[in-house]
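# Commentary on secondary and tertiary structure
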Amino acid sequence: TIELNPKTIELCAVITFFLIGTIIGASLLDRLWLLGGIMSGWWASGAVHRDTRGGLLARKVGAEVTILLREIHEKYNQAVIFYRTGKLAYVSSKVWDEYDKKYAIKKRLDELNKLAVNRASDFNTAFKEYGVYDQFNDIWKALQLAPSNAQEFNKKYGVTTSIYGLSKGLLTSASETMTYYINKGL
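Conventions and cut-offs
- Each chain carries its own residue numbering, running from 1 in the written order of its sequence.
- Under the rules for a predicted model, residues below a pLDDT of 70 receive no local features and side-chain atom pairs below 80 are neither given nor counted, while totals for whole chains, interfaces and linings still include all residues.
- Side-chain metrics in this entry use all non-hydrogen atoms of the structure; hydrogen atoms and water are not considered.
- Counting from the N terminus, the helices are the DSSP runs of H or I reaching at least four residues and the strands are the DSSP runs of E reaching at least two.
- Note that the radius of gyration is over C-alpha atoms, with the globule rule given as 2.2 Å times the number of residues to the power 0.38.
- Throughout this description, buried means an accessible area under 20% of the type-specific maximum (1.4 Å probe, protein chains only), exposed means over 50%, and partly exposed covers the range between.
- To estimate how far a helix should extend, the number of its residues minus one is multiplied by 1.5 Å.
- In summary, the pairing rule links any two rings of Phe, Tyr or Trp, Trp by its six-membered ring, whose centres are within 6.5 Å, and it sorts them by plane angle into stacked for under 30 degrees, edge-to-face for over 60 and tilted for everything else.
- We count a salt bridge whenever a side-chain nitrogen from Lys or Arg sits within 4 Å of a carboxyl oxygen from Asp or Glu.
- Pairing of N or O atoms within 3.5 Å defines a polar contact, subject to two protein rules: one partner must be a possible hydrogen donor and the other a possible acceptor, and residues neighboring in sequence count only if both atoms are side-chain atoms.
- When checking whether two residues touch, look at their non-hydrogen atoms; a contact exists if any pair is within 4.5 Å.
- Inter-axis angles, ranging from 0 to 180 degrees, are taken between N-to-C directions of lines fitted to C-alpha atoms, where helices are fitted over the stretch in contact.
- Orientation categories follow fixed angle ranges, with anything under 35 degrees roughly parallel, anything over 145 roughly antiparallel, 65 to 115 roughly perpendicular, and all other angles oblique.

Right, let's talk about the overall build of the chain for a bit. Within the chain, the regular secondary structure consists of seven helices and zero strands. Ordered by position from N to C terminus, the α and β elements of the chain give α-α-α-α-α-α-α. Against the globule reference of 16 Å for 186 residues, the chain gives a C-alpha radius of gyration of 41 Å, more extended than a compact globule. Its C-alpha atoms put the chain at 125 × 55 × 30 Å along the principal axes. The 186 residues of the chain split such that 15% are buried.

Turning our attention to helix α4 (residues 87–103). Spanning 17 residues, α4 covers 24 Å between terminal C-alpha atoms, matching the ideal 24 Å at 1.5 Å per step. Backbone geometry just after α4 places Ala104 at a positive phi near 55 degrees.

What the rule picks out here adds up to two aromatic pairs. Centroid distance Phe17 to Trp43: 5.4 Å. Interplanar angle 65 degrees. Geometry classified as edge-to-face. Of this pair, Phe17 sits in helix α1 (residues 6–28) while Trp43 sits in helix α2 (residues 33–47), placing them 26 residues apart in sequence. On the basis of relative accessibility, which here comes to 11%, the residue Phe17 falls in the buried class. Measuring from ring centre to ring centre gives 6.3 Å for Tyr99 and Tyr103, while their planes differ by 15 degrees; the resulting arrangement is stacked.

Of note, Ala104 is a non-glycine position whose phi angle comes to about 55 degrees, a positive value. Here Ala104 shows up in the loop between α4 and α5 (105–129). When its relative accessible area of 27% is taken as the criterion, Ala104 is described as partly exposed.

Next up on the list: the pattern of salt bridges. On inspection of all chains with the given rule, the structure shows two salt bridges. Across the pair Arg59 and Asp51 runs a salt bridge whose closest N-O atoms are separated by 3.6 Å. Here Arg59 falls in the partly exposed class, since its relative accessible area comes to 26%. On the basis of relative accessibility, which here comes to 75%, the residue Asp51 falls in the exposed class.

With that settled, the discussion passes to the side chain of Thr8. The topology assignment puts Thr8 in helix α1. Within the structure, Thr8 has its side chain in polar contact with the backbone oxygen of Glu3 (distance 2.7 Å). Leaving out residues up to four positions away in the same chain, Thr8 has contacts with Ile2, Glu3 and Thr66.

Further remarks concern the packing of α4 against α5. In contact at an axis separation of 6 Å, α4 and α5 are set at 70 degrees when each is read in the N-to-C sense. Taken together, α4 and α5 sit at an angle that is classed as roughly perpendicular. The segment α4 lies against α5, with Trp96, Tyr99, Asp100 and Tyr103 engaging Ile105, Lys106 and Arg108.

Okay, here's the thing in structure tokens:
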């Protein structure tokens, strides 16, 4: 724990007045924050040792901050001990039970779970009943096979290497077909 002795009181007073001076310096001008903090920390380091009103103020602020830090440190240690011994879990379960009794959270979550399971089973039943599941399954398999089929087609015919040749071949065969039908008189 943090001890309440003159050294910690002085240290807490200097740090507190440094923070106060930083805030005051920043509020006066953006660039004065560090100067304000240093000046007020320096003042507090000297004032703590004097028997004046300023010294009394600095010691009082230092003592109050030391007490506050000691209480925060003790609460932290208690939380660590509670956590390690399981008491925190016990206490939090008690709090949860109170909220559950008041708002019926667990009951509502169970009802929501049942509703979601029922809707999912109804959806699956409708999928199987109307054959939609089989159709989606066939489409999914076709989509999975499409890239491998496209690669085999590309290897066999060289589509991506010769798009120009493919389009030229298609136009030539189309024109030959058209001239064939024109010559036949169709």
